[in-house]
Number of protein chains: 2
Amino acid sequence: MSFDFVKHLETRRKLEAEAPLDPRVEALVNGVIARVADKWTMIVLDVLAEHGELRFGALGRRVPGISQKMLTQTLREMEREGLVQRTVHPVVPPKVEYRLTDLGLGLGAAFCGVWIWAEQHLEAIEQARAAFDARAAD
Amino acid sequence: MSFDFVKHLETRRKLEAEAPLDPRVEALVNGVIARVADKWTMIVLDVLAEHGELRFGALGRRVPGISQKMLTQTLREMEREGLVQRTVHPVVPPKVEYRLTDLGLGLGAAFCGVWIWAEQHLEAIEQARAAFDARAAD
DNA sequence: CAGCATCCTGCAGGATACTG
DNA sequence: CAGTATCCTGCAGGATGCTG
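Reading the values: rules and limits
- Residues numbered from 1 in each chain as written.
- Chains lettered and ligands numbered in written order.
- Predicted model: local features only at pLDDT ≥ 70, side-chain atom pairs only at ≥ 80, totals over all residues.
- Heavy atoms only, no water.
- Helix = DSSP H or I, 4+ residues; strand = E, 2+ residues; numbered from the N terminus.
- Contact = heavy atoms within 4.5 Å.
- Near = heavy atom within 4 Å.
- Nonpolar A, V, L, I, M, F, W, Y, C, P; charged D, E, K, R; others polar.
- Buried < 20%, exposed > 50% of the residue type's maximum accessible area, 1.4 Å probe, protein only.
- Polar contact = N/O pair within 3.5 Å; in protein donor to acceptor, adjacent residues only side chain to side chain.
- Axes fitted to C-alpha atoms, helices over the stretch in contact; angles between N-to-C directions.
- Parallel < 35°, antiparallel > 145°, perpendicular 65-115°, else oblique.
- Core = buried A, V, L, I, M, F, W, Y, C linked by side-chain atoms within 4.5 Å.

Peer 1: How would you sum up the overall build of chain A? Please name residues and give values.
Peer 2: Scanning chain A for helices and strands turns up seven helices and three strands. When the helices and strands of chain A are listed from N to C terminus, the series reads α-α-α-β-α-α-β-β-α-α. Taking contacts inside chain A between residues at least 6 apart in sequence as the whole, the part at least 24 apart equals 48%.

The structure is reproduced here in structure tokens:
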């Protein structure tokens, strides 16, 4: 499991040795990480992955606690980055549907490992927290 | 590639069908995701993965743009969640070293897929952005 | 229904100064 | 050096109201 990670680190080090951190690429990677690190992006992505295609309202209802402002904002960003396809149906009342692009599905697949890890290590984390809190109460 | 993701989705759906979303587990998963989604956590984790063990100051210098307040805060959270081991050496001047636990390394391994994906799809994202911006300028 | 525009607020997080 | 404590500010993001 950690083998892949070690290998990855070696790869990164090698790459950086060859092309000593191109600030341009660096910035772009940070941008992508920031996108992933956004509070809502991965949740929206997960919901869309589960349901395939959803209207704005239905999508919002599936993301508990999000305001419609943040939903719009997140969706726009994701569309801009090519993660989401926005389709407007010219009918009344308006109907706009969102679905993941291949790029979005790819990011979902990449993030999949994190979801699984999270599900698998919940107890370990809970224990660590309890231990820390107990130790902090001195 | 998307096979794993699809499989994962099936697994999730099945699990939710069996144990219809235990709110307790749900909350914990969200907590983990929130941790990952934190602006600094994954960067700090990456730096620690590369260097193995670092003092507070050295670590901070390796994370461009982080304030020492946020560094302390992030480190405390990570320690609490069992991702990081904090070792105090009782000398003057004080010396405190941080290194990843097995849990931290595991999370790094899980997140590895996302890093790789990000590196591999930079151009696609750049293109998508350019296209979006061009279309937005009407 | 989808989603802008506007206003308003809390608090995340920076800067600074102080201690063991 | 490795923090904690205090203060201060910007802006993320919620609530509300209006349109095509």
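Peer 1: Break down the protein's contact with DNA strand C for me, citing the residues and quoting the values.
Peer 2: Taken together, 15 residues lie around DNA strand C, and Phe56(A), Gly57(A), Arg86(A), Ser67(B) and Lys69(B) are the ones closest in. Counting only the atoms of DNA strand C within 4 Å of the protein, the fraction contributed by sugar and phosphate is 72%. Residue classes in the surface near DNA strand C are distributed as seven nonpolar, four polar and four charged.

Peer 1: Tell me about helix 3 (residues 41-51) of chain A, and please be specific about residues and values.
Peer 2: It helps to recall that an α-helix has 3.6 residues per turn; residues three or four apart then point in one direction. All names here are of chain A. Among the 11 residues in helix 3, eight count as buried, and that is most of the element. For helix 3, the full list of buried residues reads Thr41, Met42, Val44, Leu45, Asp46, Val47, Leu48 and Ala49. Positive backbone phi, approximately 80°, marks Gly52, located one or two places after helix 3.

Peer 1: Could you give an account of the side chain of Arg129(B), naming the residues involved and the relevant values?
Peer 2: Structurally, Arg129(B) can be placed in helix 7 (residues 122-136). At a separation of 3.2 Å, a polar atom in the side chain of Arg129(B) contacts the side chain of Glu81(A). The contacts of Arg129(B), once residues within four sequence positions are left out, are Leu28(A), Arg80(A) and Glu81(A).

Peer 1: Residues and numbers for the packing of helix 3 of chain A against helix 6 (residues 102-120) of chain A, please.
Peer 2: All names here are of chain A. Axis separation between helix 3 and helix 6 bottoms out at 10 Å; the angle between their running directions is 110°. Looking at the two axes, helix 3 sits roughly perpendicular to helix 6. Contact residues: Met42, Leu45 and Asp46 in helix 3; Gly104, Leu107, Gly108, Phe111 and Trp115 in helix 6. For the contact of helix 3 with helix 6, a count of residues per class yields five nonpolar, two polar and one charged.

Peer 1: How would you summarise the nonpolar core if you had to cite specific residues and measurements?
Peer 2: Formed by 68 residues in total, the largest nonpolar core has its most connected members in Leu59(A), Phe111(A), Trp117(A), Leu59(B), Phe111(B) and Trp117(B). Other than its neighbours up to four places away in sequence, Leu59(B) contacts Val44(B), Val47(B), Leu48(B), Leu54(B), Leu71(B), Leu75(B) and Tyr98(B).

Peer 1: Kindly report on the protein's contact with DNA strand D, identifying the contributing residues and their values.
Peer 2: In the vicinity of DNA strand D lie 16 residues, with Ser67(A), Lys69(A), Gly57(B), Arg86(B) and Tyr98(B) positioned nearest. Sugar and phosphate atoms constitute 68% of the interface atoms of DNA strand D, taking the interface as everything within 4 Å of the protein. Taking Arg55(B), its side chain carries an N or O atom lying 2.9 Å from a phosphate oxygen of DNA strand D. One of the side-chain N or O atoms of Arg86(B) is found 2.7 Å from a phosphate oxygen in DNA strand D. Listing elements by their share of the surface near DNA strand D, those giving two or more residues are helix 5 (68-80) of chain A together with helix 4 (56-62), helix 5 (68-80) and strand 3 (95-100) of chain B. Considered class by class, the residues forming the surface near DNA strand D number seven nonpolar, five polar and four charged.

Peer 1: Pulling in residues and values, what's your account of the side chain of Thr101(B)?
Peer 2: Residues and elements named next belong to chain B. Tracing the backbone shows Thr101 in the loop between strand 3 and helix 6 (102-120). On the basis of relative accessible area, Thr101 is assigned to the buried category, the value being 16%. Within the local environment of Thr101, its side chain forms a polar contact with the backbone oxygen of Gly82, the two atoms lying 2.5 Å apart. When residues no more than four places from it in sequence are discounted, the contact partners of Thr101 are Gly82, Leu83, Val84 and Gln85.

Peer 1: Give a detailed account of the packing of helix 6 of chain A against helix 7 (residues 122-136) of chain A, specifying residues and quantitative values.
Peer 2: All names here are of chain A. Axis separation between helix 6 and helix 7 bottoms out at 5 Å; the angle between their running directions is 60°. Compared by their axis directions, helix 6 and helix 7 come out oblique. Along the contact surface, helix 6 presents Trp117, Ala118, Glu119 and Gln120, while helix 7 presents Leu122, Glu123 and Ile125. When grouped by side-chain class, the residues that make up the contact of helix 6 with helix 7 number four nonpolar, one polar and two charged.

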